[in-house]
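Coordinates in review
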Amino acid sequence: MTQISYINLSSKSFRKMPNLRLLAFQSLNGNFKRINSVYLPKGLEFLPKNLRYLGWNGYPLESLPSRFFPEKLVELSMPYSNV
């Protein structure tokens, strides 16, 4: 995954991951390429309710999904985001 510079996500993918606890998109430095483009064609509508950590450098949207109720979220880290 460290060689990916562009990623295309579907919000439906997260609907199939109810046990996902950690979601992190981090930009990498050093000898690795940087993740500089995340494409969300329909936004990020579905995030698991059991999510404990959400970290996303440069989150591209202006808000979190309205259907996201982070009841168990412990940490939210979104530096350089558009929120």
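Note that this is a predicted model, so its numbers are computed, not measured. (Residues numbered from 1 in each chain as written. Predicted model: local features only at pLDDT ≥ 70, side-chain atom pairs only at ≥ 80, totals over all residues. Heavy atoms only, no water.)

**Structural notes on the nonpolar core**
- Ranked by internal contacts, the top residues of the largest apolar core, which has 13 residues, are Leu9, Phe14, Leu23, Leu47, Leu51, Leu54 and Trp56.
- When contributions to this core are tallied by element, the ones reaching two or more residues are strand 2 (22-25) and strand 4 (53-56).
- Apart from the residues lying within four places of it in its own chain, the contact partners of Leu54 are Leu23, Leu47, Leu64, Phe68, Leu73, Glu75, Leu76, Ser77 and Met78. (Core = buried A, V, L, I, M, F, W, Y, C linked by side-chain atoms within 4.5 Å. Buried < 20%, exposed > 50% of the residue type's maximum accessible area, 1.4 Å probe, protein only. Helix = DSSP H or I, 4+ residues; strand = E, 2+ residues; numbered from the N terminus. Contact = heavy atoms within 4.5 Å.)

**Comments concerning the confidence of the model for the protein chain**
- Within the protein chain, residue pLDDT values average 75, and 70% of them lie at 70 or more.
- Taken element by element, the protein chain is modelled with least confidence in strand 3 (residues 37-39), mean pLDDT 64, and with most confidence in strand 5 (residues 75-77), mean pLDDT 93.
- Within the model, pLDDT remains below 50 along residues 29-33, and this stretch shows six contacts once partners closer than five positions in the same chain are excluded. (pLDDT = per-residue confidence, 0-100.)

**Quick word on the side chain of Asn50**
- You can see Asn50 is positioned in the loop between strand 3 and strand 4.
- A polar contact of 3.2 Å, which involves the side chain of Asn50, links it to the side chain of Lys72.
- Setting aside residues up to four positions removed in sequence, Asn50 forms contacts with Pro18, Leu20, Arg21 and Lys72. (Polar contact = N/O pair within 3.5 Å; in protein donor to acceptor, adjacent residues only side chain to side chain.)

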